[in-house]
Each structure stands twice: as C-alpha cells, then as structure tokens.
Amino acid sequence: MGIFDFFKKKNNSQENVSTPVQEMEMPEEKIVEEVVEEVVETIPEIPSQPVEEPKVNEEYEKIRVYNDYIVYSIALQLRGEYTPLSAFEKENGGVEGFAYMVTEDAYALSPQQAIAQMEEKFESELQEGKIKSYMILYHSQFDHNGNHTPAIQEGEFKGISLAYHFAGDEKKKTGLPYIFENQNITYKGFAEFSHEENNAIMNHQLIEGQNYFQNTVGIAAPETTNEAGIIIRKSNVHNLVNTWSGVFGHQNFQTKDYGQYLSAVLMQSTVSDPTGEARNKTEFEDVRFKTIVTDELSTIIPEVKTDYTLDFETRSIREWENALNLQAIVAGPARDTFGVWFFATDYAENRNTYMTQPHLKVNVSGIVFILDVQTNTDLPDGTKMSEDFTTYAPSQDLPNYACFDFIGQVVDFKETELLEDRSVKGYILKLKLITNEENEDFFTIDAFVNKENMRMETLTKGMKVTGALQLQGKIAE
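Residues numbered from 1 in each chain as written. Predicted model: local features only at pLDDT ≥ 70, side-chain atom pairs only at ≥ 80, totals over all residues. Heavy atoms only, no water.

Some thoughts on the overall build of the chain
Secondary structure assignment for the chain yields 9 helices and 21 strands. Split into buried and exposed, the 477 residues of the chain put 46% on the buried side. Total accessible area computed for the chain in this model is approximately 25,700 Å², and 47% of it derives from carbon and sulfur atoms. (Helix = DSSP H or I, 4+ residues; strand = E, 2+ residues; numbered from the N terminus. Buried < 20%, exposed > 50% of the residue type's maximum accessible area, 1.4 Å probe, protein only. Areas by Shrake-Rupley, 256 points an atom, 1.4 Å probe, with all protein chains shown as cover.)

Comments concerning the pairing of strand β16 (residues 359–373)
The sheet contact formed by strand β12 (residues 309–313) and β16 spans 5 bridges and is antiparallel. Note that in β16 the partner of E313 across the bridge is H359. Pairing analysis gives 11 bridges linking β16 to strand β21 (residues 464–475), with the strands arranged antiparallel. Paired with V368 across the two strands is L469, which belongs to β21. Pairing between β16 and strand β20 (residues 443–450): 4 bridges, direction parallel. Its bridge partner being in β20, V368 is matched across the sheet by V449. (Pairing = 2+ DSSP bridges.)

Notes on the packing of aromatic side chains
The way to describe two aromatic rings as a pair is by their centre distance and the angle between their planes. Overall, the coordinates contain 31 aromatic pairs when judged by the stated rule. Taken together, a centroid distance of 5.5 Å and an interplanar angle of 70 degrees make the contact between Y178 and F180 edge-to-face. When the centroid spacing of 5.6 Å and the interplanar angle of 35 degrees are considered together, the rings of Y347 and Y354 count as tilted. Here Y347 and Y354 have matching classes, each one buried. Three or more aromatic residues joined by ring pairs form one cluster here, namely W244, F248, F253, Y258, F284 and F289. One residue, K62, lies across the ring of F166, its end atom 5.6 Å from the ring centre. (Phe/Tyr/Trp six-rings, centres within 6.5 Å; stacked < 30°, edge-to-face > 60°. Lys NZ or Arg CZ within 6 Å of the ring centre and 35° of its normal.)

Quick look at the environment of T243
With respect to the helices, strands and loops of the structure, T243 is situated in helix α5 (residues 241–248). On the basis of relative accessible area, T243 is assigned to the buried category, the value being 3%. Sequence separation between T243 and F369 is 126 residues, and the spatial gap between their C-alpha atoms is 8.0 Å. Ignoring anything within four residues of it in the chain, the contact list for T243 reads P302, I367, F369 and Q470. Among the polar contacts made by the side chain of T243, one reaches the side chain of Q470 at a distance of 2.7 Å. (Contact = heavy atoms within 4.5 Å. Polar contact = N/O pair within 3.5 Å; in protein donor to acceptor, adjacent residues only side chain to side chain.)

Digging into the pattern of salt bridges
The final tally for this structure, using the stated rule, is 29 salt bridges. In this structure, E128 and K130 form a salt bridge, with 3.1 Å as the shortest nitrogen-oxygen distance. Of the residues examined, K130 reaches a relative accessible area of 54% and is grouped as exposed. Note that D169 and K172 form a salt bridge whose closest N and O atoms lie 3.5 Å from each other. (Salt bridge = Lys/Arg side-chain N within 4 Å of Asp/Glu carboxyl O.)

Considering the confidence of the model for the chain
For the chain, the average pLDDT comes to 87, and 86% of its residues sit at 70 or higher. Under a pLDDT of 50 for its full length, residues 1–43 has, in the predicted model, 80 contacts with residues more than four places off or in other chains. (pLDDT = per-residue confidence, 0-100.)

What about the environment of G129?
Inspection of the secondary structure assignment puts G129 in the loop between α3 (111–127) and β3 (131–140). A C-alpha to C-alpha distance of 8.3 Å links G129 and E91, two positions 38 residues apart in sequence.

Considerations on the sheet that holds strand β4 (residues 159–166)
What holds strands together in a sheet is hydrogen bonding between their backbones, with the strands either parallel or antiparallel. On the basis of which strands lie adjacent, the open sheet formed by 7 strands has the order β6-β5-β4-β3-β1-β2-β7 and mixed pairing. Two strands bound the open sheet, and with one partner strand each, they are β6 (184–187) and β7 (215–219). In this sheet, adjacent strand axes meet at a mean angle of 20 degrees when their direction is disregarded. In this fold helix α2 (residues 67–78) packs onto β1 (85–90), β2 (95–102), β3, β4, β5 (172–181) and β6, with an angle of close to 165 degrees to the strand it touches most, β1. (Axes fitted to C-alpha atoms, helices over the stretch in contact; angles between N-to-C directions.)

Printed below as a string of structure tokens:
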C-alpha cells in the first residue's frame, strides 16, 4: 500500500483541472506624465529623496520554505487525494517531509488522529532543539473565517490549512481556500500575501522523481491475544457497501436510492409496530434484513437464511472499530481441515461468546457478487482439472471482507425475490465449494445471487460456475 491510500475522498472528479489563483485587488497605480519646460531662471538644486525599500513580508518569507509541500498538497488534491502532510526544517536549513504510511488496507488514521500525532511529535522535537520549525498541511473548513477544523464530510472541504511553528515564535495557522466550480477547483490565494507572493507559491515547481517524504511511519492495526488464545485485530475502514451491492445488484445499487429505503426500514424498526409492517419490510423467504439498534449505532445487515452447519474453531477476529466493534470478520478452521472466515451477522449480540468460546457450531451462507460459467478446465499452472473439481481462495480485490474467488458446482437452485414489491430478483444456490467423495455437503453452502450480477442467462443443476462471494455466518441455535 502507498502512503496516501486511505485518506482518499470518494468523489475523484477533480482530476486534470485548472487551478487559477484568484487575483486579489491591488491599489491602482497612477501614471504621471513628465512634462519638461524651458525655464530662464536658475532653479536651486533639490537634494534627491532616498528610494524607499520594498517592505518584506516576514510571514511569507517563513512560509515559502515549505513551498514544496504546499504545492504537493495541491497536486494530491487534483488527483482526488486529501492526505494530511507535514514537513520540518532541520538545523542546517534543509526541509524534509513526514507522513504516515498505510501498511495494510484494514486500518488507517483519521485526519484528526494524524494531525494530532504529527503536532505532538514536532512540538517535542522543536522544544528539544532538534528542528527549527515544522508545518502540517490538511484539508479543513477554512474559508477566510478562522475555522481550521479538519474536513471530514462532503460539503466541509473549503481550504488547505497550514499549521506551523517556528522556534522563538508562537504557533500559527493560515489557509488556502478553494471552491469547486463545474468540476474545477479555484484556489483563492492566501489573504495575507500579495498577488505576486501567491503566484510565486502556486507557480513553484516540484522536481520530478524526487522523494519529498524521507520520513514515514507505518500505521499498523492494533492487535492483541486474549485469554482464550484468540487474536483480536482491529479495522477502521470497512463497511457493508459491497455486501448491499451484492444483494441489490451492482448497477441498481448505483442508480437507485436503496439507502433511503434502508434508512426508512431502520427508523421504522426503532419504534413499536403492532401492525407487523416493519417485519414485512425486513423478513423475506430466503433473506432477512437484520436490524441492529443501540444507543450509539444503528445499522442493517442482510442475512441469507440457512440450516447448513459447520464445526468451527475461532482463531482470530477482526473487529470493525468504525462500527463500535459490533461488526467483525471471524476466521479459523472448519471441520478441523479447511480454513474459512466469515462476516458474523450475529456479532453484536454474541460478541462475548465469540471472544471466549473458540469451539462453535456455526451456520455459514454467502452472498455472490459475480457469477459466471466456468469454461476453463486448466489451472493457471497448466494442471488439468477433473470434472468435479471445486475450489475457493481469498479475494485479492476485497481482502479482509471474508470475500473469496471460487470455482464451484451448482448442486441445486431456486428463484427468490426481495422487498415488498418483489422487485429484487435472484436465486438461492446450493453451491459446492469443496468436493468430498464421502460427504456431499462437506462444504456446500446456500448462497444468494442477484440476477443482475449473473453473467449467464440460464442455470442448470450440476453446472460449473465461477465468481466471487462473501461468506457470512452466525452461531447455530
């Protein structure tokens, strides 16, 4: 992973845009024409007036030391990346960059955390005399209004804030406001700098191929091992967007406002409903929309109904901090032979059981994201596959989501429909993922696939299919 992978803003529509600096109004210069007249009498010589030296903007002279990093922040924004950056000035006057590096795609610092940790680090080094100054650059709500609060949500991104501290001076902040107009970004310029000074910053050129971040610190996900011997890892970037896309269909999920529908269902589930109307919106023949409502978190989880049960041993749990540790991926061996991990749909109510009782019986099912006909009979290394060959492997595109790429066999299937108007149409597949001659159901799960996510028109029993799915599970009753 790169340094900037997890501070990206979702809307990346500002790529390749112009970045003019709005010209600030300057006093109009009056041109005085010199008129030369002939005179007869002698005029006494007047001593010449000293030429007034232009005033030096001391604040600009300080900040220009960090022009590389101001321009770097702008360049990143034009690529749709909104990463907090920082740099510091060494005793010899050299300037080096510092940034936090994402080491895995499951955990990242929030902008607030990154800014706070950078400030703590540099303040300590400044007080110890190790550096002469530092600057932290981040996107904020600044619009010439003194509001340097970090920007987190859409609509809050108003400017690039510069928080800096030079030895012997007080901490200061300034900002470079910007506006979005017709897919363009216009930078308004620093209010305390002249038009020429702003242009000098904006026209500063970065050196191609130069490493501007000589100092990085890797961000590692917190990890502990509890008394039951279970490894607890943390995640703070995961969500259920891909899961719902599998349920509603990738194209439909992008074009229809299912978010509004789910919000209405969630709100209705929080109040008593003697008519049973809320249940009609969440309980379908083969899938239920499971609501979780707490004082701090309310969410809905799609759960594929199944009676399929596996003996399972919990080895590790990846808890989602951004879901208040009420959602998690659970991993370990099943049937003492093959490894699986699944999104635990019952983690909110059974968290303590998962944490303390490694040996469980779990119901496992799946949501298929892509389904296609398996036509290739050879493995990548050229090995010929037998007709009954099946397999699954961790997804490279969606790691840490309990997602797998698979070659499976459709043992059986039936049509199913979701929502009150039955507008979401799909199939429940009995999908064999491991072939075992002695046990037909060794690893054969019930999986939902939306018809929109299928790349074939017709299903038949016994056909070989390939695709991607997310496994989900819960403790069997």
